[in-house]
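Spelled out from the first residue to the last, the chains are:
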Amino acid sequence: MIAYLEGTILRKEADGIILLAGHIGYEILLDNITLSMCMEKSRVNEIIALYIYYHVTERQPKPVLIGFLTPEDKEFFQLFITVAAIGPMKAIKALTRPVPQVARAIEDRDTAFLSQLTGIGKRTAEKIVATLNGKVLAFAATKKSEPDAAPTEPTDALPEENQIMVRQVTEVLTEQLGHSASSAKRMIRQALEKNPTISSPEDLFDEIYQETR
């Protein structure tokens, strides 16, 4: 069974990519958010690393590979498809919002939010809550930003242009990817401590991804 792949994008497709790994092209389905992030990483010539969910059944004899950037996203997906009437193909299309936001909606019993996901109506949203409420708290983003542990951050001492870079990356991590403010600050701080020469948002994202592998 294929559980992990690294390679470069040979071709982008409507619902995923063909990943070239070891001179073999793997057709991998991705949710929209993961697809966008993979294309961004590809633009800066970074190796794409994906955790793979391998799906094959008697009704679906052709193997299907579904990719995730982190093992946590894959783990959430495996919980998500335990809901009745949500199979892997439907689930990957439904995850149009970051996993932490979806998990938070489940824990808050927010069926209105869940109903906005692709292919998820009110009845299915209720099934999701009934099945997973209380089981996905570890994946959930906090509703409010967590208070800073200290009045100042190490990044406050950076030059103005670097502080702008940090603010841009923080905004993407919190507003688009669903991380809490404190989690975003921690990832950025660790990346800058490891590589103080970082001078662009792209380089900072690259270092963060390397830290989370």
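Residues numbered from 1 in each chain as written. Predicted model: local features only at pLDDT ≥ 70, side-chain atom pairs only at ≥ 80, totals over all residues. Heavy atoms only, no water.

Turning our eyes to something else, we now look at the overall build of the protein. Helix and strand counts for the protein stand at 9 helices and 5 strands. Seen in sequence order, the protein has helices and strands lined up from the N terminus as β-β-β-α-β-β-α-α-α-α-α-α-α-α. Buried positions account for 45% of the 213 residues belonging to the protein. A fraction of 52% describes how many contacts in the protein between residues 6 or more apart in sequence connect residues 24 or more apart. Approximately 11700 Å² of the protein is accessible, and the part contributed by carbon and sulfur atoms is 51%. (Helix = DSSP H or I, 4+ residues; strand = E, 2+ residues; numbered from the N terminus. Buried < 20%, exposed > 50% of the residue type's maximum accessible area, 1.4 Å probe, protein only. Contact = heavy atoms within 4.5 Å. Areas by Shrake-Rupley, 256 points an atom, 1.4 Å probe, with all protein chains shown as cover.)

Here helix 4 (residues 99-107) lies mainly inside the structure; 8 of its 9 residues are buried. Residues of helix 4 that are buried include every one of Val99, Pro100, Gln101, Val102, Ala103, Ala105, Ile106 and Glu107, and no others. Immediately downstream of helix 4, the backbone of Arg109 shows phi near 55°, a positive value.

Moving on, we get to the packing of aromatic side chains. The final tally for this structure, using the stated rule, is 5 aromatic pairs. Ring centres 5.0 Å apart and planes at 50° place the aromatic pair Phe68 and Phe77 in the tilted group. With a relative accessible area of 2%, Phe68 lands in the buried category. Three or more aromatic residues joined by ring pairs form one cluster here, namely Tyr53, Phe68 and Phe77. (Phe/Tyr/Trp six-rings, centres within 6.5 Å; stacked < 30°, edge-to-face > 60°.)

Our next topic: the pattern of salt bridges. Any two side chains of opposite charge can pair, so long as their charged atoms come close to each other. Counted by the stated rule, this structure contains 7 salt bridges. Between Glu40 and Arg43 there is a salt bridge, with its nearest N and O atoms 2.9 Å apart. Placement of the pair is Glu40 and Arg43 together in helix 1 (residues 32-43), with a separation of 3 residues, close to one helical turn. What makes Glu40 partly exposed here is its relative accessible area of 37%. (Salt bridge = Lys/Arg side-chain N within 4 Å of Asp/Glu carboxyl O.)

Here the focus is the environment of Ala140. Tracing the chain through its elements places Ala140 in the loop between helix 6 (122-132) and helix 7 (160-176). Leaving out residues up to four positions away in the same chain, Ala140 has contacts with Pro100, Ala103 and Arg104.

This part covers the confidence of the model for the protein. Scored by pLDDT, the protein comes out at a mean of 85, with 88% of its residues at no less than 70. This stretch, residues 144-152, has a pLDDT under 50; its non-local contacts, to residues over four places away or in other chains, come to 5 contacts. (pLDDT = per-residue confidence, 0-100.)

In the Ramachandran plot, Asn45 falls in the positive-phi region, its phi being about 60° despite a non-glycine side chain. As for its position among the elements, Asn45 is in the loop between helix 1 and strand 4 (48-55). Owing to a relative accessible area of 73%, Asn45 belongs among the exposed residues under this scheme. Positioned with a positive phi, Ala85 is a non-glycine residue whose angle comes to about 75°.

On to the sheet that holds strand 4, then. Around the barrel, which closes on itself, the 5 strands sit in the order 1-2-3-5-4 with mixed pairing between neighbours. The average angle at which neighbouring strand axes cross in this sheet is 55°, direction not considered. Sheet topology places strand 1 (residues 4-13) next to strand 4; 4 bridges connect them, and they run antiparallel. Residue Gly7 lies in a different strand from strand 4, and its bridge partner there is Ile48. Strands in contact with helix 1 are strand 1, strand 2 (16-21), strand 4 and strand 5 (64-68); relative to strand 1, the strand with the most contacts, it is inclined by about 90°. Along the sheet face, helix 2 (residues 71-80) touches strand 4 and strand 5 and points at about 20° away from the line of strand 4. (Pairing = 2+ DSSP bridges. Axes fitted to C-alpha atoms, helices over the stretch in contact; angles between N-to-C directions.)

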